[in-house]
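Residues per chain, in single letters:
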Amino acid sequence: MATTESKPSADFIRQIVAEDVRCGRNAGRVVTRFPPEPNGYLHIGHAKSICLNFGVAAENAGGVCHLRFDDTNPTREEPKYVQAIKEDIRWLGFDFSGHEYYASDYFQELYEYAVELIRKGKAYVCQLSAEEIRRYRGTLTEPGRDSPNRNRPIQESLDLFRRMRAGELADGAAVLRAMIDMASPNLNLRDPVMYRILKVPHQRTGDRWSIYPVYDFAHGQSDSIEGITHSLCTLEFEDHRPLYDWYLHELGIHHPRQIEFARLNVSFTVVSKRKLLQLVEEGHVQGWDDPRMPTLAGMRRRGYTPASIRHFCNRVGVTKFNSLTDIALLEHSVRDDLNQHAPRVMAVLRPLRVVLVDYPEGRTEQLEAVNNPQDPAMGTRRVPFSRVLYIEREDFREDPPRKFFRLAPGREVRLRYAYLIKCVDVVRDEETGEIAELHCTFDPESRGRTPPDGRKVKATLHWVSAAHAVGAEVRLYDRLFVRPNPTDEKDGTDFTDHLNPHSLEVLGSCRVEPSLAQATVGARYQFERQGYFCVDPDSAPEGLVFNRTVPLRDSWAKIEKNL
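Bear in mind the structure is a predicted one, so any value in this text is a computation, not a measurement.

Each value, and the rule that gives it
- Residues numbered from 1 in each chain as written.
- Predicted model: local features only at pLDDT ≥ 70, side-chain atom pairs only at ≥ 80, totals over all residues.
- Heavy atoms only, no water.
- Salt bridge = Lys/Arg side-chain N within 4 Å of Asp/Glu carboxyl O.
- Helix = DSSP H or I, 4+ residues; strand = E, 2+ residues; numbered from the N terminus.
- Buried < 20%, exposed > 50% of the residue type's maximum accessible area, 1.4 Å probe, protein only.
- Pairing = 2+ DSSP bridges.
- Contact = heavy atoms within 4.5 Å.
- Axes fitted to C-alpha atoms, helices over the stretch in contact; angles between N-to-C directions.
- Parallel < 35°, antiparallel > 145°, perpendicular 65-115°, else oblique.
- Left-handed = near helix turned anticlockwise from the far one by under 90°.
- Expected span 1.5 Å × (residues − 1).
- Disulfide = S-S within 2.5 Å.
- Patch = residues over 30% accessible without salt bridge, like charges linked within 9 Å, V, L, I, M, F, W, Y side chains within 5 Å.
- Areas by Shrake-Rupley, 256 points an atom, 1.4 Å probe, with all protein chains shown as cover.
- Lys, Arg positive; Asp, Glu negative; His and termini not counted.
- Charge placed at Lys NZ, Arg CZ, Asp CG, Glu CD.

Asks: Mind showing me how you'd approach the pattern of salt bridges here?
Replies: Side-chain pairs of opposite charge can arise whenever the charged atoms involved come near each other. Under the defined criterion, the tally for this structure stands at 46 salt bridges. Ionic pairing is found between Arg33 and Asp223, a salt bridge with its closest N-O pair at 3.3 Å. With Arg33 in strand β1 (residues 31–34) and Asp223 in helix α7 (residues 215–226), this pair connects stretches of sequence that are 190 residues apart. The class of Arg33 is buried, set by a relative accessible area of 1%. A relative accessible area of 0% means that Asp223 is categorised as buried. Here Arg150 makes a salt bridge to Asp191, at a shortest N to O gap of 2.6 Å. One end of the pair, Arg150, is in the loop between α5 (130–137) and α6 (154–166); the other, Asp191, is in the loop between β5 (175–178) and β6 (193–197), and 41 residues separate them in sequence.

Asks: Sorry if this is basic, but what is going on with the pairing of strand β24 (residues 504–512) here?
Replies: As a general feature of sheets, a regular strand has side chains that alternate between the two faces. The pairing of strand β13 (residues 347–348) with β24 spans two bridges and is classified as antiparallel. Following the sheet pairing, Ala347 is matched in β24 by Val512. As judged from the seven bridges shared by strand β23 (residues 470–477) and β24, these two strands associate in the antiparallel manner. Each bridged residue has a counterpart across the sheet, and for Val470 the counterpart in β24 is Val512.

Asks: What am I meant to see in the side chain of Asp337 here?
Replies: For Asp337, the location among the structural elements is in helix α12 (residues 327–341). The residues contacting Asp337, other than those within four sequence positions of it, are Thr305, Ala307 and Ser308.

Asks: Could you clarify how one ought to interpret the sheet that holds strand β4 (residues 123–126) in this entry?
Replies: Whether parallel or antiparallel, the strands of a sheet pair through hydrogen bonds between backbone atoms. Taking strand neighbours across the sheet as the criterion, the four strands line up as β4-β5-β6-β7 in an open arrangement whose pairing is antiparallel. At either end of the open sheet lies a strand with only one pairing partner, and these are β4 and β7 (211–213). On average, each strand axis in the sheet is tilted by 20 degrees relative to the strand beside it, whichever way the strands run. In terms of strand pairing, β5 meets β6 through three bridges, oriented antiparallel. Opposite Val175, over in β6, you have Arg196 as the bridge partner.

Asks: Mind showing me how you'd approach the packing of helix α4 (residues 107–119) against α6 here?
Replies: Two quantities define a packed helix pair, namely the angle between the helix axes and the distance between the axes. Between α4 and α6, the shortest axis-to-axis distance is 9 Å and the interhelical angle comes to 160 degrees. Considered as vectors, α4 and α6 are oriented roughly antiparallel to each other. Remark: the crossing between α4 and α6 carries right-handed chirality. Within the contact between the two elements, α4 uses Gln108, Tyr111, Ala114, Val115, Ile118 and Arg119 and α6 uses Ile154, Ser157, Leu158, Phe161, Arg162 and Arg165.

Asks: Just to check I follow, could you spell out α7 for this structure?
Replies: Working note: α-helix, 3.6 residues per turn, so residues spaced by three or four point in the same direction. The end-to-end C-alpha separation of α7 is 16 Å, in line with the 16 Å expected for 12 residues at 1.5 Å each. Most of α7 is tucked away: 10 of the 12 residues are buried. Of all the positions in α7, only Asp216, Phe217, Ala218, His219, Gly220, Gln221, Ser222, Asp223, Ser224 and Glu226 are classed as buried.

Asks: Whenever I open this one, unusual backbone geometry confuses me. Can you help?
Replies: It is generally the case that most residues other than glycine have a negative phi and that most peptide bonds are trans. Of note, Asn26 is a non-glycine position whose phi angle comes to about 55 degrees, a positive value. Counting through the fold element by element, Asn26 comes out in the loop between α1 (12–23) and β1.

Asks: Help me understand the state of the cysteines in this model?
Replies: Linking two cysteines covalently via their sulfur atoms produces the bond known as a disulfide. Summed over all chains, the structure comprises zero disulfides. Cys65 supplies the cysteine sulfur nearest to Cys233, a cysteine that is in no disulfide, at a spacing of 12 Å. Note on Cys423: no disulfide assigned, nearest cysteine sulfur contributed by Cys440 at a separation of 4.7 Å.

Asks: Please explain a negative patch on the surface as it appears in this structure.
Replies: A contiguous patch of negative charge, built from Asp429, Glu430, Glu431 and Glu434, is present on the exposed surface. For Asp429, the location among the structural elements is in the loop between β19 (420–428) and β20 (435–443).

Asks: Is there a simple way to explain the sheet that holds β19 in this structure?
Replies: Ordered by their spatial adjacency, seven strands build an open sheet running β21-β18-β19-β20-β14-β17-β22, and the pairing between neighbours is mixed. In this open sheet, the two strands that pair with only one neighbour each are β21 (460–461) and β22 (464–465). Two elements, β19 and β20, share eight bridges in a ladder whose sense is antiparallel. Bridge pairing in β20 links Asp425 to His439.

Asks: Looking at this structure, how should I read the environment of Arg145?
Replies: Mapped onto the elements, Arg145 comes out in the loop between α5 and α6. Judged by its relative accessible area of 46%, Arg145 falls in the partly exposed class. Taking the C-alpha atoms as reference points, Arg145 and Pro343, 198 residues apart in sequence, are found 67 Å from one another. Non-local contacts of Arg145, meaning those with residues more than four positions away in its chain, are made with Arg135, Tyr136 and Met182.

Written as structure tokens, this is what we have:
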């Protein structure tokens, strides 16, 4: 079932942008931006914003998307996050060459904008504590109260703001606030904080600044400085748009258009950087790139492809309504992509030894196997076949239930690309009583074809040659949470209460066909009858490690049939 990567539909944002271009707004230019904070790794929710912002720019002649790091909080930001974010965006397939920016590039201009607002009587230095500011702010049903400093002389605020910058005031001793409306029904307009004192070195500006702008002040002005035409934000910023517009209007500078869209929420996972950080710090996962994490680094390590993530984001679309997207759609997207491009190989995860008692000892045949039936151009490979093999332990039942058509005593099955075999004896471990080995016969006339007498079997099993197989560790990853919406804490539980205790199973005695001996980190394969797997960075010449990306079963395809 070959498919091509889907194209995004003409959602409401693309319709707005197209109308702006048609009307000649911004001289027909389209400049978007993706503005991550460098305080963590990007996740699947960010992927939607990346695809939207870079996609909208690419779809319009001369369009450009900026990567701008919102590095305004040095207490939480690190260079490693900057590098990880850039790597993830490039891996996802988007180019920001020549358009990499930082809010810290504009610290001087932002400071001068703040001074201009003070001079206009639109901002003031407030010396209430953080707790007092919260109390004075009021509630959704009660108006706020003016700060005692709200009407202080302009010159006094200018002098205090200069002293804040010079580091003469202690952390928390003062903030700069916009003077808007303490009775506004929108709490964001009740004299919001613009600058706070943070005597913390910045990763790019060092010790040059003792004050830093808050996001709401830096955001719009940075957009304006860069000439952004369409500032695409998630819905939680909708209530912040009046403040975005107020700053730009009062400063009289280029005014981008902010448009909000619903963020991406996916079932059985979390897309909050705060919660993801908690999972890492509390040891629930083994780092930001743990393959169970919804971070792009984790998904890359698990075996997800950039094309599958882009396809998923296009399928989800862009709306104004928050919803929970079924993770089955994400799994379907990667399964669909890997079905077209991943080579097929044979791997036995829970080996059971099989001896073909009538196959000549010392003999080895090289059988021809198809690399990918979806793409004949991928050709074939040779797979060694010998007297002693491994099959999956679950492919044999000594006392088979009804509708179990795989191997059983006296029953015949086909080995993939090879012969029909029949089980004639079961050998048990003398100490444990467990099945240790099967003795089988083979039909030499059935290699790769129906035997002359025309008899047929109901099961085909994968296998590897014991003498040629390569040992491997296989990590079977499952969903990280057992509840579709783990952040729904109405019952008083914490999201970590819903972690899946079986999200990882490690199999250490697997056997894979010898063609995988030189498999490189990141290479993806379909283990026949098992699922899709990726070579993990923990692999070494003396020991391969594979991560399961997704099993072959496609629950989304079944869901889609019933839609």
